[in-house]
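# Summary of structural features
What follows is each chain in one-letter form.
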Amino acid sequence: MTMVEYFSFLPYGKYAFYVWLAYGVSAITVITLFVSAKRNHKKAIMSLKNKYSRS
Amino acid sequence: MWKWIQRQSSPKIFYQTCTNLTPWFFWPFIGFLLVGLYWALIVSPADYQQGDGYRIIFVHVPSAILSMMVYAVMAIAGGIGLIWQIKMAEVVAKVSAPIGAAFTIIALVSGAVWGKPMWGAWWVWDARLTSELILLFLYLAYMSLNNAFDNPKTAAKASSILAIVGLVNLPVIHYSVKWWNTLHQGYSVGTGGLKDPDMQIALALMFVASIFLYALLVVIKAKTEVLIREQNSRWVKDEVSGAIL
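To keep things clear, this report deals only with the structure shown in the data block. Everything numeric in this text was worked out from a predicted model, so none of it was measured.

### Focus: the overall build of chain B
Each helix and strand counted, chain B has nine helices and zero strands in total. Each helix and strand of chain B, placed in order from N terminus to C terminus, yields the pattern α-α-α-α-α-α-α-α-α. Relative to the globule expectation of 18 Å for 245 residues, the C-alpha radius of gyration of chain B, 20 Å, shows essentially globular dimensions. Expressed as lengths along the three principal axes of its C-alpha atoms, the size of chain B is roughly 65 × 35 × 35 Å. Across the 245 residues of chain B, 39% fall into the buried class.

And the structure:
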């Protein structure tokens, strides 16, 4: 059984695997961008806080 | 308006503007995304040739347009930084690069995933695909060049020149489907493009959502960059010590 057949129970049948793969990869990329941007900002604030408290 | 733009060249005011703008980009992004997905996945009918497989277009086309738009913004902001020595333009250029690279990756991956059922191949060395891949390499080159210098000023200068030279690739990508006999289909927007009004609405909504996403990521990333660059100034010290995490 191929991946395409396996996922054909989802909406869009024989294209389900491809459509959801494309949407899934896009969603993961966008979420990663957003989360890493937020985390980098927090990290920068934390490291600056440390730097100022040392001086 | 012009005065407002001029005031943004002050890092402190620019930082404040980014903070103020964040909700104005976040909520429209969420709204347009949800309505756009609803229109793309439920309202739009299946295509008469490609069945439901065509629905990949609703992430593919907006991300492909954004990959080029972000590059143009990056090169123009870099140019403004070069000519007028405006540091905040350098910041916008620098933080745009990873976002543009991500849009390029989404466009390439979603295109490959669409190509497999429609063309029978994940990848072909078609003019459109190859020029878009070159765009990804330009983004990566820009990012590594920008990271190669310790001095942010030198980094911005060198990488901005690279970005401006790389601008020649944008018309190549855009016109590639006209200039060469490509396997990639022609324009999806305008004459010969999508005909169904629901498909056009879905594409427009997803495109607007993508623009808000780009703007949102720029304001978040720019704040981080400004804090690091201006870490020796008084207002950053106040801002950081007042920040609640």
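Having put the structure on the table, let's press on.
### A look at the overall build of chain A
Secondary structure assignment for chain A yields two helices and zero strands. Over its C-alpha trace chain A gives a radius of gyration of 21 Å, far above what one expects of a compact globule, namely 10 Å for 55 residues. In chain A, buried positions account for 18% of the 55 residues.

### Description of the environment of I80(B)
Residue and element names in this part refer to chain B. Looking at the secondary structure, you find I80 in helix α3 (residues 57-84). A tally of 18 C-beta atoms within 10 Å means that I80 is categorised as partly exposed. Filtering out sequence-adjacent residues up to four positions away, I80 remains in contact with I86 and A89.

### Some remarks on the environment of Y187(B)
All names here are of chain B. Tracing the sequence through the fold places Y187 in the loop between α7 (169-179) and α8 (197-229). Looking at Y187, the number of C-beta atoms within 10 Å reads 13, which means it is partly exposed. Sequence separation of Y187 and V177 is 10 residues, and the distance between their C-alpha atoms is 7.8 Å.

### Points about the nonpolar core
If you look at the biggest cluster of nonpolar residues, it comprises 72 residues, and the most contacted ones within it are I56(B), V92(B) and L217(B). Listed by contribution, the elements that provide at least two residues to this core are α2 (16-54) of chain A together with α2 (11-43), α3, α4 (87-119), α5 (127-147) and α8 of chain B. If sequence neighbours within four positions are ignored, V92(B) has contacts with A77(B), V218(B) and A222(B).

### Section: the interface of chain A and chain B
As a measure of interface size, the accessible area lost when the parts come together is often cited. Between chain A and chain B, the contact holds 24 residues from the first and 31 residues from the second. For the side of chain A that touches chain B, a count of residues per class yields 16 nonpolar, five polar and three charged.

### Digging into the packing of α2(A) against α8(B)
Interhelical geometry of α2(A) versus α8(B) gives an angle of 20° and a closest axis separation of 9 Å. Taken together, the axes of α2(A) and α8(B) lie roughly parallel to each other. Once α2(A) is placed against α8(B), the crossing between them reads as left-handed. Residue-level contacts link V30(A), L33(A), F34(A), A37(A), K38(A), N40(A), H41(A), A44(A), I45(A) and L48(A) of α2(A) to L213(B), L217(B), I220(B), K221(B), K223(B), T224(B), L227(B) and I228(B) of α8(B). Class assignment of the residues belonging to the contact of α2(A) with α8(B) gives a composition of 12 nonpolar, three polar and three charged.

### Considerations on the packing of α3(B) against helix α6 (residues 152-166) of chain B
Residues and elements named next belong to chain B. Across the interface, α3 lies against α6 with an axial gap of 8 Å and an inter-helix angle of 135°. For the element pair α3 / α6, the angle class is oblique. The element α3 and its partner α6 pack so that their crossing is left-handed. Between α3, through M74, A75, G78, G79, G81 and L82, and α6, the contact on the second element is made entirely by A156, K157, S159, S160, A163, I164 and G166. Split into classes, the residues belonging to the contact of α3 with α6 amount to six nonpolar, six polar and one charged.

### Describing unusual backbone geometry
Despite not being glycine, Q85(B) has its phi angle at roughly 55°, a positive value. For Q85(B), a count of 13 C-beta atoms within 10 Å corresponds to the partly exposed category.

Thresholds, definitions, all that
- Residues numbered from 1 in each chain as written.
- Chains lettered and ligands numbered in written order.
- Predicted model: local features only at pLDDT ≥ 70, side-chain atom pairs only at ≥ 80, totals over all residues.
- Helix = DSSP H or I, 4+ residues; strand = E, 2+ residues; numbered from the N terminus.
- Rg over C-alpha atoms; globule rule 2.2 N^0.38 Å.
- Buried ≥ 20, exposed ≤ 12 C-beta atoms within 10 Å, placed from the backbone.
- Contact = placed C-beta atoms within 7 Å.
- Core = buried A, V, L, I, M, F, W, Y, C linked by C-beta atoms within 7 Å.
- Nonpolar A, V, L, I, M, F, W, Y, C, P; charged D, E, K, R; others polar.
- Axes fitted to C-alpha atoms, helices over the stretch in contact; angles between N-to-C directions.
- Parallel < 35°, antiparallel > 145°, perpendicular 65-115°, else oblique.
- Left-handed = near helix turned anticlockwise from the far one by under 90°.

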